[in-house]
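Coordinate inspection notes
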Amino acid sequence: MHVRLAALKRLMSLYGNIEEMHSATLERAMLAVQEAEQAIGVEVEQVRSSSSHGRDALVAGDPLGVALARTQREIAEWRQQRLQEIRLERQMLKDEARKQYLASRMQSEQMKYVVDNVTAQAEVEAGRKMQAALDDRFLARQRW
């Protein structure tokens, strides 16, 4: 029983390590999505800024400034669109990492449950053996 319990504890430790690995993967995926969202925010701000500069150049009668602002806005919009695609890809990877983490968490909890049950059974068995030994000693003393 002790050999089986030791093997199960090693297996439980392995499942725990796998769960930690999937947790780290999920955290990295969440950070990647957050990074993409921050980059999108920067590009949104760049679009606003270039639009504002374009209006200012238009009011000032600066055709070169208007063209520059329009170009900057178009580039920022293109980057924003590309970053949206990247964010979606990263979101899918994050969702997959979450599924893997939850599955490994479930397996880890199941293994913990099995180990706890085997440990409890081993304790009950040890208690029974000890009680049987005590009973045998008691009966042996009475026979003397």
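The sections below set out a description of the structure shown in this document. Here the structure is a predicted model, which is why all the values come from computation and not from measurement.

Section: the overall build of the protein chain
When helices and strands are counted, the protein chain shows 2 helices and 0 strands. In summary, the protein chain has a C-alpha radius of gyration of 33 Å against a globular reference of 15 Å for 144 residues, an excess of more than 25%. Taken over the C-alpha atoms alone, the protein chain extends approximately 120 × 20 × 15 Å along its principal axes. Within the protein chain, contacts between residues at least 6 apart in sequence are counted, and of these 85% link residues at least 24 apart. Carbon and sulfur atoms provide 56% of the accessible area of the protein chain, an area that totals close to 10,900 Å².

Some thoughts on the pattern of salt bridges
Inspection of every chain in the model, using the stated rule, returns 7 salt bridges. Each of the salt bridges in this network shares a partner with another, and the network as a whole consists of E19, R105 and E109.

Notes on the side chain of K94
Considering the arrangement of structural elements, one finds K94 in helix α2 (residues 63-143). Of the side chains bearing the opposite charge, D95 lies closest to the buried K94, which forms no salt bridge; the N-O distance is 5.0 Å. Leaving out residues up to four positions away in the same chain, K94 has contacts with L26, A29, M30 and V33.

Calculation criteria
- Residues numbered from 1 in each chain as written.
- Predicted model: local features only at pLDDT ≥ 70, side-chain atom pairs only at ≥ 80, totals over all residues.
- Heavy atoms only, no water.
- Helix = DSSP H or I, 4+ residues; strand = E, 2+ residues; numbered from the N terminus.
- Rg over C-alpha atoms; globule rule 2.2 N^0.38 Å.
- Contact = heavy atoms within 4.5 Å.
- Areas by Shrake-Rupley, 256 points an atom, 1.4 Å probe, with all protein chains shown as cover.
- Salt bridge = Lys/Arg side-chain N within 4 Å of Asp/Glu carboxyl O.
- Buried < 20%, exposed > 50% of the residue type's maximum accessible area, 1.4 Å probe, protein only.
- Lys, Arg positive; Asp, Glu negative; His and termini not counted.

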